[in-house]
Amino acid sequence: MVNAREARLLWAHVMNLPSSSLPIDVPALNPAQQTIYDALCARRDAGEPLAKIIGRKAFWEHEFHTTQATLDPRPETEGIIEAILDHRPDRQRALKILDCGTGTGCILLSLLYEYPHATGVGLDISADAIAIAAHNAAQHNNFLLERVEFDCLDWTLHQKSLYDVVVSNPPYIPSRDICILDVDVRNYDPILALDGGIDGLDAYRSLMAAMHRLLSPHGILVCEIGQGQEHEVQHIAMNHGLRCVEIRKDLSDIARIIVWQWNENYHVAHI
Ligand SMILES: C[S@@+](CC[C@H](N)C(=O)[O-])C[C@H]1O[C@@H](n2cnc3c(N)ncnc32)[C@H](O)[C@@H]1O
């Protein structure tokens, strides 16, 4: 059943109004608008996520266009932004940022807003997701377009540069658990964004193996992890010469965001 907040957001969508300007009392719709509104409510009642119906989702300070090709941005992923702001507090730094598995581009574009002199590259193996990320960059601000590049590429193949900040919210659901996810995730988020292989950790293995040619000597790697993956992901990171500098929990007290730097001895030996 559509709740009151969702009803107002759907109303704003029908009226082509931004969700930031929702009235407290929703004025009546004309018959044509009412028909559209009823159809949208029926989709929501059938389990389709609101973000997929209205085609956008709020993340950090902005709204991002989202489709069947992209994971809808999640509130817990904002912890990546918070962690980077805390570990790199000088907003004037011209950071070079790499976002592995960019989806809507929500993480990278939010960071480029926070650091006005930073530049960024967003990678995704989904060409459709890359098109959405590029659309979001263009929608938001031409100023962002000059500082961002999106490439349809597997992160294991990217070798352009060393980055000050590498971020990733990779797919981390074990393959066998996909079928027991909530319907609104299982049926509406793309499988490429969810499936992390047999144990859910494939992406961390390939990502961390690539760090020696992507992460600068004083850079930080910041990743989101799935529930209960903390120890195994830490083990993978340690094997690749990375030292944990912080673990952040989400609002449900689950370890969710991890920040790493190079273990100095390892880095010197391998670069
Ligand atoms: C969980 S989604 C995260 C999307 C977005 N960063 C966010 O936090 O909302 C993971 C994304 O990684 C992409 N992906 C998965 N494996 C990849 C790989 N090896 N190289 C590049 N992108 C990959 C998927 O297509 C998907 O868009």
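Along each chain, numbering runs from 1 in the same order as the chain's sequence is written. Since the coordinates come from a predicted model, pLDDT governs what is reported: local features require at least 70, and pairs of side-chain atoms require 80 or more to be given and counted, while whole-chain, interface and lining totals use all residues. Heavy atoms throughout the structure, all of them, feed into the side-chain values; hydrogens and water do not.

### Regarding the pattern of salt bridges
Part 1 of the reasoning: By definition here, a salt bridge exists when the distance from a side-chain nitrogen of Lys or Arg to a carboxyl oxygen of Asp or Glu is within 4 Å. Throughout the structure, instances matching the rule amount to 13 salt bridges.
Part 2 of the reasoning: Notably, a salt bridge pairs R248 with D86, separated by 2.5 Å at the nearest N-O pair. On the criterion of sequence distance, the pair formed by R248 in strand β8 (residues 242-249) and D86 in helix α4 (residues 78-87) is long-range, its members being 162 residues apart.
Part 3 of the reasoning: Three labels apply to residues, based on accessible area from a 1.4 Å probe with only protein chains included: buried if under 20% of the type maximum, exposed if over 50%, partly exposed otherwise in between. The class of R248 is buried, set by a relative accessible area of 17%.
Part 4 of the reasoning: Judged by relative accessible area, D86 falls into the exposed class, the value being 51%.
Part 5 of the reasoning: The salt bridge involving R176 is made with D177; its shortest N-O contact spans 3.9 Å.
Part 6 of the reasoning: Assessed through its relative accessible area of 24%, D177 is described here as partly exposed. Runs of H or I in DSSP of at least four residues are treated as helices and runs of E of at least two as strands, each being numbered from the N terminus.

### A closer look at the sheet that holds strand β3 (residues 96-100)
In a beta sheet, neighbouring strands pair by backbone hydrogen bonds and run either parallel or antiparallel.
Part 1 of the reasoning: Here the rule is simple: two strands pair whenever DSSP picks up at least two bridges between them. With mixed pairing, seven strands are arranged side by side in an open sheet as β5-β4-β3-β6-β7-β9-β8. Unpaired on one side and paired on the other, β5 (148-152) and β8 mark the two borders of the sheet. Across this sheet, the average inter-strand angle for adjacent strands is 15 degrees, counted without regard to direction.
Part 2 of the reasoning: Pairing geometry for β3 and strand β4 (residues 119-124), over five bridges, is parallel. Interaxial angles span 0 to 180 degrees and are taken between N-to-C directions of axes, which are lines fitted to C-alpha atoms, for helices over the stretch in contact.

### Focus: the packing of aromatic side chains
Part 1 of the reasoning: Two rings from Phe, Tyr or Trp (for Trp, the six-membered ring) form a pair when their centres are within 6.5 Å of each other. A pair whose planes differ by under 30 degrees is stacked, one over 60 is edge-to-face, and the rest are tilted. Throughout the structure, instances matching the rule amount to one aromatic pair.
Part 2 of the reasoning: The interplanar angle of 70 degrees and the centroid separation of 6.3 Å between the aromatic rings of F59 and F64 together place this pair among those described as edge-to-face.
Part 3 of the reasoning: Judged by relative accessible area, F59 falls into the buried class, the value being 0%.
Part 4 of the reasoning: Since its relative accessible area comes to 0%, F64 is described here as buried.
Part 5 of the reasoning: The ring of Y163 is capped by K96, whose NZ or CZ atom sits 5.7 Å from the centre of that ring. When the NZ atom of lysine or the CZ atom of arginine is within 6 Å of a ring's centre and also within 35 degrees of its normal, the charge is said to sit over that ring.

### Some points on the domain arrangement of the protein
Part 1 of the reasoning: Where a domain begins and ends is set by an automatic assignment or by a domain database. Domain boundaries assigned for the protein yield domain 1 (4-46) and domain 2 (68-270).
Part 2 of the reasoning: Just the C-alpha atoms count here: the centres of domain 1 and domain 2 sit 34 Å apart.

### Focus on helix α6 (residues 127-140)
Part 1 of the reasoning: The end-to-end C-alpha distance of α6 is 20 Å, a good match for the 20 Å that 14 residues give at a rise of 1.5 Å each.
Part 2 of the reasoning: Taken as a whole, α6 has its buried residues at A129, I130, I132, A133, N136, A137 and H140. All buried residues of α6 lie within an arc of 160 degrees about the axis, which places them on one face of the element. Opposite the buried face of α6, by more than 90 degrees, sit the exposed residues D128 and Q139.
Part 3 of the reasoning: Note on contacts: a residue pair qualifies if any of its non-hydrogen atoms lie within 4.5 Å across the two residues. In the core, the buried residues of α6 are packed alongside β2 (62-65), α5 (106-114), β4, α7 (142-145) and β5. Helix span is expected to be 1.5 Å times the residue number reduced by one. It is the directions from the helix axis to the C-beta atoms whose arc is reported.

### Focus: the pairing of β3
Part 1 of the reasoning: With four of five residues buried, β3 lies mostly within the body of the structure.
Part 2 of the reasoning: Alignment of β3 against strand β6 (residues 163-168), held across four bridges, turns out to be parallel. Looking at the pairing, D99 lines up with V167 of β6.

### Remarks on the site of the ligand
Part 1 of the reasoning: Near the ligand there are 17 residues, and of these G101, D124, W155, N169 and A193 occur at the shortest range.
Part 2 of the reasoning: Taking T102, its main chain carries an N or O atom lying 3.3 Å from a nitrogen atom of the ligand.
Part 3 of the reasoning: One nitrogen or oxygen atom from the side chain of D124 is found 2.6 Å from an oxygen atom belonging to the ligand.
Part 4 of the reasoning: Burial of the ligand by the protein chains amounts to 95% of its free accessible area of 600 Å².
Part 5 of the reasoning: Secondary-structure elements contributing two or more residues to the shell around the ligand are α5 and α9 (191-194). A single heavy atom is enough: if one lies within 4 Å of a molecule or strand, its residue is considered near that molecule or strand. Pairs of N or O atoms within 3.5 Å make up the polar contacts considered here, provided that, within protein, one atom can donate a hydrogen while the other can accept it, and that residues adjacent in sequence are counted only when both atoms are side-chain atoms. Accessibility throughout is a Shrake-Rupley quantity obtained with a 1.4 Å probe, and a residue counts as covered only by protein chains that appear here.

### Examining the nonpolar core
Part 1 of the reasoning: Of all hydrophobic cores here, the largest spans 32 residues; its most connected members are M211, L221, L242 and W260.
Part 2 of the reasoning: Those elements giving two or more residues to this core turn out to be β3, β4, β6, α10 (202-210), β7 (215-224), α11 (230-239) and β9 (255-262).
Part 3 of the reasoning: Once residues lying within four places of it in the same chain are set aside, the contact partners of M211 are V166, L221, L242 and W262.
Part 4 of the reasoning: For the purposes of this section, nonpolar cores are sets of buried Ala, Val, Leu, Ile, Met, Phe, Trp, Tyr and Cys residues that join through side-chain atoms within 4.5 Å. Core analysis: the second largest hydrophobic core is formed by 29 residues, F59, I81, L108 and Y115 among them.

### Some thoughts on the side chain of T70
Part 1 of the reasoning: Turning to its location among the elements, T70 is positioned in the loop between β2 and α4.
Part 2 of the reasoning: At 2.9 Å, the side chain of T70 forms a polar contact with the backbone nitrogen of T67.
Part 3 of the reasoning: For T70, the contacting residues outside a window of four places in its chain are K52, G103, T104, A129, I132, D189 and P190.

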